[in-house]
Each structure stands twice: as structure tokens, then as C-alpha cells.
Amino acid sequence: MTDAQRPQTQGPQMQGPKTQGTGSQEREMPDTLLTVTHLRRHFGGRHALLRRERTIRAVEDVSLTLRVGETLGLVGESGCGKSTTGRMIVGLETPSGGTITFKGRDLTRLTPKDWQRQRRDVQMIFQNPQSALDPRLTIARQIREPLDLHDIGARAGRDEEVARLMQAVALPVELADRYPHQISGGQAQRVVIARALAMRPSLIVCDEPVSALDVSVQATVTDLLQDLQERLDIAYLFISHDLRVVKKLSHRVAVMYLGQIVEEGLTDPLYRQPLHPYTMALLAAIPDLSVAKGEPRARLVGDPPSPANPPSGCHFHTRCPYAQPRCSAEKPELRAVDDRRVRCHFAEDFRTAS
Amino acid sequence: MTGMTIAEPGEGKNTLLAVEDLTVGFRTARGYADVLHAVSFRVEQGRTTCVVGESGSGKSVTCQAILGLVPRNGRRTGGRILFAGMDLAAADEATLERIRGRGIGMVFQDPLGSLNPLHTVGAQLRETLRLHTDLSELQRQKRALDLLAMVGIPEPEQRLASYVHQFSGGMAQRIMIAMALACEPQLLIADEPTTALDVTIQAQILDLLNRLKAELGMAILFITHDLGVVAEMADTVVVMRHGRVVETGPAARVLSAPEAPYTQTLLAAMPRLDVAAPVYRQRSAR
């Protein structure tokens, strides 16, 4: 963490780039890399003879923006649609609706051939690096493969490029001839990152990239991701259920619940004063070193509802401690509250209350 | 029965479990290797001891050894495991079986893998009670109902007739806890019981364990890799690395002023909520 990042703890209200806004509805700024609007992904719902399959609304309404070299943390619990959102952005999943504009192009209209080219610029890394690697290829071959596939750079220079990439992710040269099963989980994740970097992407969608790693290894991988961002201006969509890791890495955070973004804003203010009851509950649930033992904390009751049958009105009202009659009747929109976006009828009350 | 009652001169009055110089080795294709090296720690009555470590630290093998459940290619080669005055390391299988049911309850990470998919939850609870208690059939039915209510299962009467797959992960873990507590054990061993759960559900389960500990006066031996969970649960912490205890002491002290270099490294690597997030620096598009 550099000194330049320190002052922000003093002036949380001032740090929002006011001219720019954080909403997706704002004018597109020159440094905007990715704009996602009203993205939807439904599964099932086909008509069969005499009956209709249930529709799972995995992603119901997701709008977000990402700037060059920025990290947006996308958090939520299992089944909230955060991974599906990431998979649509890299083209592994076809949206049921909405737009994904990347560097001015709408990715949802790309032909498969265009996607092939586009893929270079948007890479993805996953939770389990071992399963993302080919067990029969050496480490050097894994990293070289995308260069060969996309025919990037002169053939003769590719071994050198592989060595350079390995160095960039701090993999010892000795590992070049090893196979995936001969290296550790942390090293495997570095190989995956090196392979993603080979395409010189401007965006990497990271889906729980450190969740399977031990904390000491986790820290080295997150440090590496930050370092690469500083040097290469890579933007990250960092998908995670771990709000502690997300805080360390993200400039902004979007919180998802049952397929919708319920709150989005700058990381520090959002953690300090969440304006959506679900964000509050999520933050209160994290076991953290900064929280004293036995400190009473608000807990959510019950399990999240099924995305096949989401509650009426506000999806969160069945578990919300502040729910009013209005909440089950009227769907809240994601709307601007100061420099935050919140999907709650009573967001202003929470702001003034605390 | 070979479990002997041993009067321990240095033993504190409130010590429920004392692991002393526990050494366990495994036979592998590449020869014999010790995975636990003289591991020692204590669990006090009614208190929570957290064993924390990264993968390969030996924390799970330690709890397997306490329960006499070390895999077949493993062997305890030294040390004692004193539970309520009895050396479990020297006890025969019949004694261990009795203790595992009645004296020590167990909860694991994967509740679905630990419960029988073919029997209703009620049948499994009644079976446990039939094996380990003298309760009549009617009393067992009543006790099974009480247990589900105690762990916070809504509509327990109806849920007794449900199968495990009909429960969510959090609810299945509650049932696992109900099974473990069926015979009112003095010690509950919980091996990463919340690792597979979402955070809001994890918080519910941790609260439940803390409430049950207070209500039933039992001790908890809690295995975890998450120092945040340690902060929320532990009275005493045992930090393990590579099969050795590197540091042990009161949780408040270990977490605020760790002595072992490894504990310091682990704490420093732990992401936490009170660290400032990075600030975006404007860049131009490439």
C-alpha cells in the first residue's frame, strides 16, 4: 500500500470522483472500459407438453461499470448470480437480455468468430487452478499455448515471452518443465494468471481466485494481482464471497442478492456505512480479527430464498429486520443515494439513522 | 477394557482433555513419515479451544487421533490422550466407541456426507439414542424432537420425518450438531464445521455453538483455518504448522501479541475489515 492511498481514511466523503458519478446511467467517460446494463440470465422456462419448466432467474438485473485499471468487487452468497454475471462478461454464458459494452462494442452481438478475437482482451481465472490446467502439459507449454493458438508474436520469441511471463508472476524458472500435479496450489494459480496475462488483457474476471488457497498463499496471490494492475493497468472484476479479501483489493464494491445488485459504491464508505440491510447483515456476519469475541451482532435468520421463486417486492424482505408492508408489495429500483447506488425503499433513513 | 484412570499430578482441575506428546505417523509409498510431532495441548471444561493452521498442519489428524479414527495407514507412535482421566490412546475399540457416542460428539465440514441419505433425520437421531442411552422408545421420540428444536430447526415435528437432502447446507449442519449432542457429551469436536457454508449461515452456526456451549456447559475443540473464526470463538488457541504446535495460549493474547514468528506471519497475511481499501488512480485507456 503506497502513501498516496493513505489520505483516503480521513476524507471518505470527498473521495468520490463527483464529476464522474458511479452510476451506469452516467455519460460514458473516456476511461470507461466496461459498461453492463440490465443484464439478465434465465435458465429453464421452456414450454413442454402441458407444463412449463420453472424459470431460474440467476441474474435478474445487473448494471455495472468498470474503468481502466480499476477493481470492482462483486460479492454475495452462493446462488446470488455473481459467477453467472462474470461468465456472461467473458462470453461463457449467453445473456437472456441486457447489454455488455466493452471498449465501445456491444459484446452480446458478437459472432462466435468475433468472440474468438475478443477473448484475448477479456480473460478469466477461476477458483480451482489445478482443474484449469491441462495435466498433460508442462508449465511452460500451458503458458505458451494461448500465444500459439492466437498466433501472437514471432514464433521464435515465444519461449522468451513465456520466461518473461513466468517472471512477471514470480514463478521460479525451474518449474518450466514441471507438470501441474508437481506444483502447489498457489503456484498453479500463478500459472493460470501468467497464461491469462499472455493475451495482454485489459480486463480479467477473477472468480473466487484465492478462495481455495491457504491465507499465506492467498496474500501472495492478491499482492501479485495488485502489482500487475499497477504495472499493466489491468481492470479486475473480482468475484468473491469473502468480504475481507474484497476490501483489500477493490476500489468499488457491488453487492448481489438473488440475481440483483442491491448496493454499489466506493469500498471504504460502503463498508463503513452500508445503506442496504443485506449489506449490513453480510458485514455483520463476517468473522473478523477486528471484531471482539462475544460482541453482539445482528444476524440474519433463515436461508436465502430460491431464485426459482423469489419473494415479491424487495427480494430481501423475507429476511430483512427492517421490512415494512411496502417492501413485499413494491419492487425497489436501484437508485442513487449520494454517491452510492442502493436498492432499498428506506436507504435514506439508514443514512440519517447512523 | 484397557482405558486406565490416571491421576495426573500437574493436571488442572478443570482440564477435560489433555493431549500430551501425541505423535502420529503414516505409511506411504515413499516410506514412513511422522505427521504429528509431540503435539500437546489442553481443553478446559466448558471452554472453547481452537486449533488453527493451514493445510497440512496436522490439525485434522490431531482430532482424528483423539477419536481413534486415524486412517488405516496411520499409526499413533507415542503420547497420551487423557479424556476425563482416561487415556484414550490406550483404550480398546469398544471403549472408544462408547466415548465417541457419549463423551465426545463430532461435527465435520460436510454434513451431507456424514448423515445417512436413506433414513429420515428422526430415525437417525432415535438410532443414536437407542445405541447410547437407556431411554424408552417414547422418550427417544421426545428427545429427538427436543434436539431439533434446540438447534433451531423450524417446525421440528414435521422435519423429523424429512430426509437429509431436503435440508439446506446450514440446516443439515444443525442436524449434524443435534446428532452430536444427542447424548450430552462433555466435549464437542468440530472440524471446520462452517467452512462449506455461506457467511450469513456460518454466523448462525457459530452463534448456535456458542449458545449451546453456555447452555450445556460443554467444551468445544474447534478446528479451523480462519483466524477470524478463532477471534469469534476461542478461549484458547493452538497454532499448528507442519505437525507441530508452534504456539498456544489465551486467544486474546495470541491474537493481539503473537510470540511465534509463524503466528505473526499468519496474522499479517489475514485480510481484515479494518484495513483501508485501495483508492482508484485515474488512467487513460490503452
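Residues numbered from 1 in each chain as written. Chains lettered and ligands numbered in written order. Predicted model: local features only at pLDDT ≥ 70, side-chain atom pairs only at ≥ 80, totals over all residues. Heavy atoms only, no water.

Colleague: Lay out the overall build of chain B in plain terms, naming residues and giving numbers.
Modeller: Summing up its helical and strand segments, chain B has eleven helices and ten strands in all. The C-alpha radius of gyration computed for chain B amounts to 21 Å, which stays within 12% of the reference 19 Å derived for 286 residues, consistent with globular compactness. Taken along the three principal axes of its C-alpha coordinates, chain B extends 70 × 50 × 45 Å. Residues classed as buried in chain B amount to 54% of the 286 residues present. Summed over its atoms, the accessible surface of chain B is roughly 12,600 Å², and 52% of this surface lies on carbon and sulfur atoms. One way to put it: in chain B the 29 positive side-chain charges average out to a point 5 Å from where the 30 negative ones average out. (Helix = DSSP H or I, 4+ residues; strand = E, 2+ residues; numbered from the N terminus. Rg over C-alpha atoms; globule rule 2.2 N^0.38 Å. Buried < 20%, exposed > 50% of the residue type's maximum accessible area, 1.4 Å probe, protein only. Areas by Shrake-Rupley, 256 points an atom, 1.4 Å probe, with all protein chains shown as cover. Lys, Arg positive; Asp, Glu negative; His and termini not counted. Charge placed at Lys NZ, Arg CZ, Asp CG, Glu CD.)

Colleague: Explain the pairing of strand S6 (residues 104-107) of chain B residue by residue, including any values.
Modeller: Residue and element names in this part refer to chain B. Of the two faces of S6, the one carrying Ile 104 and Met 106 and the one carrying Gly 105 and Val 107 are both buried. Looking at chain direction, S6 and strand S7 (residues 187-191) are connected through four bridges and run parallel. Each residue of the ladder has a partner; that of Met 106, found in S7, is Ile 189. (Pairing = 2+ DSSP bridges.)

Colleague: Go over helix H1 (residues 82-89) of chain A, please, and point to the residues and values.
Modeller: All names here are of chain A. Burial runs high along H1: six of the eight residues are buried. Residues Lys 82, Thr 84, Thr 85, Gly 86, Met 88 and Ile 89 constitute the buried set of H1. Downstream of H1 by a residue or two, Gly 91 has a phi angle that is positive, lying close to 90°.

Colleague: Describe the sheet that holds strand S2 (residues 31-44) of chain B, with residues and values.
Modeller: Residue and element names in this part refer to chain B. Overall, antiparallel pairing links the four strands, which are arranged S2-S1-S4-S5 in an open sheet. The open sheet is flanked by S2 and strand S5 (86-87), the only strands paired with a single partner. Looking at chain direction, strand S1 (residues 15-28) and strand S4 (residues 74-83) are connected through eight bridges and run antiparallel. The partner of Val 19 across the bridge, within S4, is Ile 81.

Colleague: Mind laying out the packing of helix H7 (residues 169-180) of chain B against helix H8 (residues 199-216) of chain B, listing which residues take part and the relevant values?
Modeller: Residues and elements named next belong to chain B. Two numbers describe how H7 lies on H8: the axes approach to 10 Å, and their chain directions differ by 20°. Considering the angle they form, H7 stands roughly parallel to H8. Here H7 and H8 pass one another in a crossing that is right-handed. Each of Gly 170, Gln 173, Arg 174 and Ile 177 in H7 lies in contact with H8, whose residues at this interface are Ile 201, Gln 204, Ile 205, Leu 208, Leu 209 and Leu 212. Of the residues contributing to the contact of H7 with H8, the split by class is six nonpolar, three polar and one charged. (Axes fitted to C-alpha atoms, helices over the stretch in contact; angles between N-to-C directions. Parallel < 35°, antiparallel > 145°, perpendicular 65-115°, else oblique. Left-handed = near helix turned anticlockwise from the far one by under 90°. Contact = heavy atoms within 4.5 Å. Nonpolar A, V, L, I, M, F, W, Y, C, P; charged D, E, K, R; others polar.)

Colleague: Residue-level account of the interface of chain A and chain B, with values.
Modeller: The interface of chain A with chain B comprises 58 residues on the first partner and 42 residues on the second. Here chain A packs against chain B, burying approximately 4,400 Å² in sum over the two surfaces, 54% of which is carbon and sulfur. Between the two partners, chain A and chain B, sit four salt bridges. On inspection of chain A and its partner chain B, the count reaches 19 residue pairs in polar contact (both at pLDDT 80 or more). Put simply, the parts of the chain that give the side of chain A that touches chain B at least two residues each are helix H7 (215-232), helix H8 (243-249), helix H9 (267-272) and helix H10 (277-285) of chain A. Considering each element in turn, the side of chain A that touches chain B owes the most residues, nine residues, to H7 of chain A. Partitioning the side of chain A that touches chain B into residue classes produces 23 nonpolar, 17 polar and 18 charged. (Buried area = accessible area lost by both parts, 1.4 Å probe. Salt bridge = Lys/Arg side-chain N within 4 Å of Asp/Glu carboxyl O. Polar contact = N/O pair within 3.5 Å; in protein donor to acceptor, adjacent residues only side chain to side chain.)

Colleague: Tell me about unusual backbone geometry, and name the residues and values.
Modeller: Phi is positive for Leu 258 of chain A, close to 45°, though the residue is something other than glycine. By secondary structure assignment, the location of Leu 258 of chain A is in the loop between strand S11 (252-257) and strand S12 (260-266). The exposure class assigned to Leu 258 of chain A is buried, which follows from its relative accessible area of 7%. We note that Ala 38 of chain B has phi near 45°; this positive angle belongs to a residue other than glycine. Inspection of the secondary structure assignment puts Ala 38 of chain B in strand S2. Relative accessible area serves as the criterion here: at 42%, Ala 38 of chain B is assigned to the partly exposed category.

Colleague: Describe in detail the side chain of Gln 142 of chain A, supporting the description with residues and values.
Modeller: Residue and element names in this part refer to chain A. In this structure, Gln 142 sits in helix H4 (residues 139-149). Residue class for Gln 142 comes out buried when judged on its relative accessible area of 1%. Setting aside residues up to four positions removed in sequence, Gln 142 forms contacts with Leu 133, Asp 134, Leu 137, Pro 180, Val 191 and Arg 195.

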